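Structural characterization, general
Next come the chains, spelled out residue by residue.
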Amino acid sequence: MGIQESVQDLWEDKDRLGNLSEQGRARQILLKVIDSLDSGEIRVAQVVDGEVIVHEWVKQAILMFFKVQAMTKFSVGPFEYLDKIPLKDNYANAKVRAVPGAIARRGSFLAPGVTLMPSYVNIGAYVDEDTMVDTWATVGSCAQVGKRVHLSGGVGIGGVLEPPQAAPVIIEDDVFIGSRSMVVEGARVRNGAKLGAGVILTSSTPVIDSATGEEVSRGVVPERAIAVMATREKKFDGGTYG
C-alpha cells in the first residue's frame with residue numbers, strides 16, 4: 001500500500017487513532033508525509049493548466065498528525081516552546097536566509113533563495129524560489145506562494161486545514177503584495193499581479209475592472225493586474241454607504 005492509500009485508510013477510520021497500539025504505526029506513516037512536505041517532495045495544492053488541484057489526503061495527514069503527536073518542550077536560545085511540531089532547521093543546506101526572529105514550522109517548504117525576515121511560516125505552506133517574506137508577514141498553513149514573490153511587511157496570507165477539500169490561498173509567480181494586505185479564504189493572486197497596501201482579498205471579494213465597471217471575478221486578481229481597495233455605494237434603510 002502506497003503512502004497516499006495508507007493515509008486515506010487511516011482517515012476512513014480515524015477513531016482508531018485513540019488506540020495507543022495504533023498510534024505508533026500511524027505516526028510512522030504520517031511522519032513520512034510531514035517529512036515529504038518539509039522537503040517539497042509533495043505539496044498540499046498546485047496549479048495545473050490554470051486550475052488549482054488540492055491533494056486532500058495531504059491535509060488529512062496533517063490533521064491526523066496533530067492527533068498522534070505528543071506535546072514536546074523545546075528551546076531556541078532563551079525562548080521556550082511547547083508544541084507538537086518542531087521548527088525547521090538546516091537553513092544553510094536549504095540555501096534559505098533566515099533573519100533572527102523568523103519562524104518556520106517543520107512540514108513547511110522553503111525553496112532555495114527564500115528570505116525570511118522576522119516572520120512566520122506554518123505547516124503545509126509552500127514558498128518557492130527567491131521569494132521575500134518580509135517583517136511580521138505570515139504564511140498560513142497550506143498556503144502556496146510562488147517564485148520571486150514579495151510579501152511586504154505585515155502581510156497576512158491566510159491558512160486553511162479544514163475541510164480538507166478546501167482550496168488554500170494561491171499566490172502565483174512574480175507577485176507583489178503591499179504592506180498590511182490580507183489574502184485569505186482560498187483567494188488567488190495570478191502571475192505578475194500587484195496588490196496595493198492594505199488590500200483585503202477573500203474568496204467572495206468582488207474584483208472590478210475600473211475601466212469598465214464590470215466585476216471580473218470573486219477573490220481572484222487577474223494576471224499582471226494592479227489591485228487597490230475600493231468601495232461601491234449601496235443603499236440601506238439608514239442611508240447610502242460605501
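Above this text sits the structure in question.
Here's a quick rundown of the structure. Remember, predicted model here, so these are calculated numbers, not experimental data.

**Focus on the sheet that holds strand 17 (residues 176-177)**
Strand order in the open sheet formed by 7 strands is 5-8-11-14-17-20-25, with parallel pairing between adjacent strands. Bordering the open sheet on either side are strand 5 (97-98) and strand 25 (226-227), each of which pairs with just one other strand. Pairing between strand 17 and strand 20 (residues 194-195): 2 bridges, direction parallel. Each residue of the ladder has a partner; that of Phe176, found in strand 20, is Lys194.

**Focus on the packing of aromatic side chains**
According to the stated counting rule, one finds 3 aromatic pairs in the structure shown. On the numbers, 5.7 Å between centres and 25 degrees between planes, the contact of Phe74 with Tyr81 is stacked. Relative to Tyr241, the ring of Phe236 has its centre 6.1 Å away and its plane inclined at 45 degrees; by these criteria the two rings are tilted. Residue classification places Phe236 among the partly exposed residues on the basis of a relative accessible area of 49%.

**Here we look at the pairing of strand 2 (residues 51-54)**
Taken together, the 4 bridges between strand 1 (residues 45-48) and strand 2 define a ladder with antiparallel strand orientation. Following the sheet pairing, Gln46 is matched in strand 2 by Ile53. Counting the residues in the hairpin turn of strand 1 and strand 2 gives 2 residues, including Asp49, whose phi is positive at 55 degrees.

**Some details on unusual backbone geometry**
Residue Glu162 is joined to Pro163 through a cis peptide bond whose omega torsion reads -5 degrees. Relative to the assigned elements, Pro163 resides in the loop between strand 15 (156-157) and strand 16 (170-171). The backbone phi angle of Asp49 is positive, close to 55 degrees, even though this residue is not glycine. Among the secondary structure elements, Asp49 is positioned in the loop between strand 1 and strand 2. Here the phi dihedral of Asp130 falls at roughly 60 degrees; this positive angle occurs in a residue that is not glycine.

**Considerations on a nonpolar patch on the surface**
On the surface, a nonpolar cluster with roughly 250 Å² of combined accessible area is contributed by Met182, Ile200 and Met229. Take Ile200: it is sitting in strand 21 (residues 200-201).

**Looking at the sheet that holds strand 21**
In spatial order, the strands read 6-9-12-15-18-21; together these 6 strands make up an open sheet with parallel pairing. Strands with a single pairing partner mark the edges of an open sheet, and in this sheet they are strand 6 (103-104) and strand 21. Here strand 9 (residues 120-121) pairs with strand 12 (residues 138-139) via 2 bridges, running parallel. Bridging from a neighbouring strand, Val121 pairs with Val139 of strand 12.

**Focus on helix 1 (residues 3-12)**
Every buried residue belonging to helix 1 is among Ser6, Val7 and Leu10, and all of these are buried. One side of helix 1 carries all its buried residues, which in axial view fall inside an arc of 95 degrees.

**Digging into the environment of Phe65**
By the element assignment, Phe65 lies in helix 3 (residues 56-68). Linking Phe65 and Glu185, residues 120 residues apart in sequence, is a C-alpha distance of 23 Å. The contact partners of Phe65, leaving out residues within four places of it in the chain, are Leu30, Leu31, Ile34, Lys84 and Ile85.

Criteria and thresholds
- Residues numbered from 1 in each chain as written.
- Predicted model: local features only at pLDDT ≥ 70, side-chain atom pairs only at ≥ 80, totals over all residues.
- Heavy atoms only, no water.
- Pairing = 2+ DSSP bridges.
- Helix = DSSP H or I, 4+ residues; strand = E, 2+ residues; numbered from the N terminus.
- Phe/Tyr/Trp six-rings, centres within 6.5 Å; stacked < 30°, edge-to-face > 60°.
- Buried < 20%, exposed > 50% of the residue type's maximum accessible area, 1.4 Å probe, protein only.
- Patch = residues over 30% accessible without salt bridge, like charges linked within 9 Å, V, L, I, M, F, W, Y side chains within 5 Å.
- Areas by Shrake-Rupley, 256 points an atom, 1.4 Å probe, with all protein chains shown as cover.
- Salt bridge = Lys/Arg side-chain N within 4 Å of Asp/Glu carboxyl O.
- Arc of directions from axis to C-beta.
- Contact = heavy atoms within 4.5 Å.

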